[in-house]
Amino acid sequence: MHDVEAVVLVGGKGTRLRPLTLSAAKPMLPAAGVPFLAHLISRIRQAGVRRVVLGTSYMAETFSEHFGSGAELGCEMEYVVEDQPLGTGGGIRNVAKHLTAETVLVFNGDVLCGTDLTAVVDTHRRTEADVTLHLVRVLNPRAFGCVPTDADGRVLDFLEKTEDPPTDQINAGCYVFRRSVIDSIPEGRPVSVERETFPGLLAAGARLSGHVDNAYWRDMGTPADLVHGSADLVRGIAPSAALPGPAGEALVLEGAEIDPTAFVLGGTTVGRGVRIGPGARVEGAMLFDGAVVGEKAVVRHSVIGAGARVDDGAWVIDSVIGDRAAVGAHCELRGGMRVWPDVQLPPHGVRFSPDV
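First, a word on what this report is: a plain description of the structure on this page. Model, not experiment: these values are computed from the prediction.

Focus on the overall build of the protein chain
Then step 1. Scanning the protein chain from N- to C-terminus turns up seven helices and 28 strands.
Then step 2. When its C-alpha atoms are laid out on the principal axes, the protein chain stretches across 70 × 45 × 35 Å.
Then step 3. Residue burial in the protein chain is summarised as follows: out of 356 residues, 54% are buried.
Then step 4. If you take every contact in the protein chain between residues at least 6 apart in sequence, the share linking residues at least 24 apart comes to 51%.
Then step 5. Carbon and sulfur atoms make up 50% of the accessible area of the protein chain, which amounts to about 15,000 Å² in all.
Then step 6. With 33 positive and 44 negative side-chain charges, the protein chain shows a spacing of 1 Å between the two charge centroids.

What follows is the structure in structure tokens.
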């Protein structure tokens with residue numbers, strides 16, 4: 001893999017993750033104690049790739065400020081900024097002049113995946129493909145566009161979502177490109193690889209291969225997926241070389257204080273300086289740095305932002321609490337509720353069930 005470079009596309013605004021992405025780019029959100037992007041880069045480096053180019057746009061400066069030259073991660077990193085949204089294909093073309101290798105691994109920066117990257121590149125080389133797509137099998141392909149292949153692994157088509165998909169294989173957001181294909185993508189305008197580049201290559205007779213497996217895969221684009229993906233990292237279900245501690249039921253970072261009578265489990269991340277009070281129950285949650293969970297409060301499958309509070313007896317389930325917000329005592333938030341940064345909910349101010 002010494003002659004392979006990686007491109008990671010991290011330019012999106014992450015609107016589905018608001019309010020979390022009001023203060024951080026989506027790939028920089030903490031997942032299992034470190035920016036989500038660190039997990040992907042660790043796997044790229046683990047596969048033997050030494051050079052990574054990031055295609056950035058939204059909050060572009062935060063990537064270089066955090067990762068710098070990439071030396072701490074054992075690789076060389078370069079940053080290329082999009083002045084306007086260019087789509088997946090346009091984003092790949094935008095970094096072309098910064099590439100030096102003939103074989104290029106390309107990743108969507110919001111996917112958590114456990115596939116063997118060396119095996120994907122091996123498929124690309126063995127089949128002498130122009131582009132190879134990592135395809136993952138899912139239980140419910142109706143929720144995605146699907147990509148059928150023939151017996152030799154050649155991609156046959158790119159199909160939109162349908163109630164009766166002909167295959168359970170979906171595009172997993174990881175590709176291997178021959179450099180000449182990248183150079184052929186139109187420059188300076190938005191281009192979709194799924195709707196324009198790949199269908200155009202098929203029509204022209206190019207070889208598109210599919211590398212199909214059952215590896216761990218999750219699109220981290222929604223709060224629910226972010227929470228579940230982080231929990232899977234903490235518990236060791238999703239592989240990563242960047243986990244800042246041993247895998248287990250909880251990852252507790254420095255300076256956190258957890259009362260001995262509290263229950264913390266389910267792959268929860270407890271950020272730096274977090275305080276969890278007596279009798280509290282925190283399950284499968286993400287508590288960002290400085291968050292506070294009060295006495296007998298319950299937090300399940302939710303994100304509690306930096307410096308936010310969940311006061312005594314409050315319940316927060318399947319919800320997102322923005323930075324520095326406060327959920328007053330005995331409030332009850334459920335089912336996808338989102339509280340914006342700095343909002344203060346008074347005690348008993350929001351409930352879904354009778355106050356008893």
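Continuing now.
Considering the sheet that holds strand β19 (residues 292-293)
Then step 1. Read across the sheet, six strands follow the order β13-β16-β19-β22-β25-β28 without closing on themselves; strand pairing throughout is parallel. Two strands bound the open sheet, and with one partner strand each, they are β13 (257-258) and β28 (344-345).

Examining a nonpolar patch on the surface
Then step 1. On the surface, a nonpolar cluster with roughly 250 Å² of combined accessible area is contributed by L22, W340 and V343.
Then step 2. Tracing the backbone shows L22 in the loop between β1 (4-9) and β2 (30-31).

Quick word on the pattern of salt bridges
Then step 1. The full count for this structure, using the stated rule, is 20 salt bridges.
Then step 2. Between D183 and R179 there is a salt bridge, and its shortest N-O distance comes to 3.1 Å. Within this pair, D183 and its partner R179 are both found in helix α5 (residues 179-184), separated by four residues, close to a single helical turn.
Then step 3. Take D183: its relative accessible area is 37%, and that puts it in the partly exposed class.
Then step 4. Residue class for R179 comes out buried when judged on its relative accessible area of 15%.
Then step 5. In this structure, R235 and D232 form a salt bridge, with 3.0 Å as the shortest nitrogen-oxygen distance.
Then step 6. Owing to a relative accessible area of 36%, R235 belongs among the partly exposed residues under this scheme.

As for the pairing of strand β10 (residues 208-213)
Then step 1. Counting buried residues in β10 gives five out of six residues, a clear majority hidden from the surface.
Then step 2. The pairing of strand β8 (residues 131-137) with β10 spans six bridges and is classified as parallel. Looking at the pairing, V131 lines up with L208 of β10.

Remarks on empty space enclosed by the protein
Then step 1. Counted under the stated rule, the structure contains one cavity of 30 Å³ or more.
Then step 2. The volume enclosed by the largest cavity comes to roughly 160 Å³.
Then step 3. Secondary-structure elements contributing two or more residues to the lining of the largest cavity are α1 (36-46), β6 (103-108), β7 (111-113) and β9 (169-178).
Then step 4. If you tally residues by element for the lining of the largest cavity, the top one is α1, at four residues.
Then step 5. Looking at side-chain class alone, the lining of the largest cavity contains 10 nonpolar, five polar and one charged residues.

Examining the sheet that holds strand β12 (residues 250-252)
Then step 1. Strand order in this open sheet of six strands is β12-β15-β18-β21-β24-β27, and the pairing throughout is parallel. Because the sheet does not close on itself, it has two edges, and the strands there are β12 and β27 (338-339).
Then step 2. Note: strand β21 (residues 303-304) against strand β24 (residues 320-321), two bridges, orientation parallel. Following the sheet pairing, V303 is matched in β24 by V320.

What counts, and where the lines are drawn
Residues numbered from 1 in each chain as written. Predicted model: local features only at pLDDT ≥ 70, side-chain atom pairs only at ≥ 80, totals over all residues. Heavy atoms only, no water. Helix = DSSP H or I, 4+ residues; strand = E, 2+ residues; numbered from the N terminus. Buried < 20%, exposed > 50% of the residue type's maximum accessible area, 1.4 Å probe, protein only. Contact = heavy atoms within 4.5 Å. Areas by Shrake-Rupley, 256 points an atom, 1.4 Å probe, with all protein chains shown as cover. Lys, Arg positive; Asp, Glu negative; His and termini not counted. Charge placed at Lys NZ, Arg CZ, Asp CG, Glu CD. Pairing = 2+ DSSP bridges. Patch = residues over 30% accessible without salt bridge, like charges linked within 9 Å, V, L, I, M, F, W, Y side chains within 5 Å. Salt bridge = Lys/Arg side-chain N within 4 Å of Asp/Glu carboxyl O. 1 Å grid on protein atoms, 1.4 Å probe; cavity = no way out; pocket = protein on both sides within 12 Å on 5 of 7 lines; lining within 4 Å. Points joined across faces, edges and corners; volume = space filled by probe spheres on them. Nonpolar A, V, L, I, M, F, W, Y, C, P; charged D, E, K, R; others polar.

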